[in-house]
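Here's the letter readout for the chains.
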Amino acid sequence: MFDKATYVGRRAKLRELMKDGIIILFGYYPFRQDSSFLYYFGLNRDGLVGVIDLDNGTETLVGDDIDIEDIVWYGSVDSVKDMAERVGVANTAPMKSLKSICNEAMRQKRRIHFLPPYRHDTKIQIFDLLGIHPVQQKEAASIELIRAVVKMRSTKEQQEIEELERAAVIGYKMHTTAMRLTKPGLTEKFVAGQVDSIALSYGAMTSFATIFSQHGEIMHGNPSMAELESGRLVLCDCGAETINNYCSDNTRTFPVNGKFTERQLEIYSIVEACHDHALDVAKPGVKYMDVHLSVCRLMTERLKELGLMKGDVDEAVAAGAHAMFLPHGLGHMMGMDVHDMEALDQIYVGFDEETRPNLEQFGTNCLRMGRRLQEGFVVTDEPGIYFIPDLIDDWRASGHCKDFLCFDKLDEYKDFGGIRLEDDILITADGCRFLGKDTIPIRPKDVEEFMAQARG
Ligand code: GLY
Ligand code: MN
Ligand code: MN
């Protein structure tokens, strides 16, 4: 938790951004506290709701004190009053009073702002309180509140950046553990389990389910019981969440036996160049959609040199031909959630009136972040090249983008797998920089040296 002034200040700014009515922020726990509740109230206990009255300026922490039976099982915890005091909230109220707070506001025809709920228990709670059926709650959520929360959470405060750096340090330990342990004969699951234990030991948990797979071409490939095989690449996409709930998200792809083949290096060097290119062009005022497209053009140029693509580069990218290799976007916002604020709806997080998503085109429709960058944003830079046998067959059969793809050459790569390289970028006043103290080995030479040293 940050200090009291943080939460007092954030709620005051939220009140300034909003007009009238009351805001209800629902908390959750123990699985994972809701990030927006955490952002404004900082408290990691279940059964709490924050109410902000925009018209009279009062703030209330709603929740019940635990009873003696709970104390027997779970130990003693602070009272709701003590918790409210810790985050500068003046009033507390028992949970049963939430219904009368809502009834009174509805009777006076005041607006009641809530964020789109994503957990079934909250949907039932909102149904009980406001009479809105769960299927209508996404639509009924307050766009004004979503916009205000996105505006504030998008720009990271200095103390948030420090927390993200702490997550990156744990992420470094996770990735270097994976590189150190990887060798033929171990199972994917064994290495992934060791990687996860680092996150649990140094932080709160992993920031998402660890991807550790020799099938790098499967975007979210779960670690399996398959044994690691010499000659193959393994893709490791993982991150940590700190005790204060800030995330890291990095990907490395490296050879199981510690030495890249020439063919692997040819593809790797393209992904590496795309990863570096994003760092050169991302800065305040630039649309992340344009960074994405610039990376797609560079990738297309380089794939043409290898004989995997053909034709005019701009036309190929406009037609979405590069999505054969890169069927996802270059990156997403990152912060308290690994796909930051995802629950608030990507359209409000990654886009705005000026920058609309392209929902029609395969690949580009997966871009989560397109709008203009601002100082303090944290986004991921995660280009990849994947050879997905079913996609190759599908496009060949339909003739999709046949003017830009060399299908005969593509067939030779059906056993290749996939490569992704990912780091987290902080947008600075005049450019950007990667988060993290030490760079997880990324240059092929550094990866090979690191793996050789680990093996003694
Ligand atoms: N780990 C999921 C992602 O990189 O977006
Ligand atoms: Mn990732
Ligand atoms: Mn990511």
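For the structure itself, consult the block above.
## Quick word on the coordination of the manganese ion (ligand 3)
- Looking at the metal site, the manganese ion (ligand 3) is ligated by Asp249 (OD), His332 (NE2), Glu382 (OE) and Glu422 (OE), spaced 2.1 to 2.2 Å from it.
- Coordination at the manganese ion (ligand 3) is irregular, judged from the 6 donor atoms that bind it and the angles of 50 to 157 degrees they form at the metal.
- Each donor residue of the manganese ion (ligand 3) belongs to the same chain, with the gaps between them written as D-x82-H-x49-E-x39-E.
- Separating the manganese ion (ligand 3) from the manganese ion (ligand 2) is a gap of 3.3 Å, bridged by Asp249, which donates to each. In this pair, Asp249 sits in the loop between β9 (240-241) and β10 (250-255) while His332 sits in the loop between α13 (313-319) and α14 (346-349), placing the two residues 83 residues apart along the sequence.
- Residue class for His332 comes out buried when judged on its relative accessible area of 3%.

## Quick look at the site of ligand 1
- Lining the immediate surroundings of ligand 1 are Phe208, His220, Asp237, Asp249, His332, His339, Glu382 and Glu422.
- In the model, a nitrogen atom of ligand 1 is placed 3.1 Å from a nitrogen or oxygen of the Asp237 side chain.
- Within the side chain of His339, an N or O atom sits 2.7 Å from an oxygen atom of ligand 1.
- With the chains in place, 92% of the 190 Å² that ligand 1 exposes on its own is no longer accessible.
- Counting atoms within 2 Å of the grid points, the majority share of ligand 1 lands in the second largest pocket.

## Comments concerning the sheet that holds strand β8 (residues 233-238)
- A sheet is described by the order of its strands in space; here 3 strands give the open sequence β7-β8-β10, paired in antiparallel fashion. Two strands in the sheet have a free side with no partner beyond their single neighbour: β7 (211-213) and β10. Between one strand and the next, the sheet's axes are offset by a mean angle of 10 degrees, whatever the strand orientation.
- Note: β7 against β8, 3 bridges, orientation antiparallel. Counted as the bridge partner of Phe212 is Cys236 from β8.

Reading guide: rules and limits
Residues numbered from 1 in each chain as written. Chains lettered and ligands numbered in written order. Predicted model: local features only at pLDDT ≥ 70, side-chain atom pairs only at ≥ 80, totals over all residues. Heavy atoms only, no water. Donors = N, O, S within 2.8 Å, 3.2 Å for Na, K, Ca; no water. Tetrahedral: all angles 85-135°; square planar, octahedral: opposite > 155°, others 65-115°. Helix = DSSP H or I, 4+ residues; strand = E, 2+ residues; numbered from the N terminus. Buried < 20%, exposed > 50% of the residue type's maximum accessible area, 1.4 Å probe, protein only. Near = heavy atom within 4 Å. Polar contact = N/O pair within 3.5 Å; in protein donor to acceptor, adjacent residues only side chain to side chain. Areas by Shrake-Rupley, 256 points an atom, 1.4 Å probe, with all protein chains shown as cover. 1 Å grid on protein atoms, 1.4 Å probe; cavity = no way out; pocket = protein on both sides within 12 Å on 5 of 7 lines; lining within 4 Å. Sits in = over half its atoms within 2 Å of the grid points. Pairing = 2+ DSSP bridges. Axes fitted to C-alpha atoms, helices over the stretch in contact; angles between N-to-C directions.

That's the geometry; what it means functionally is another story.
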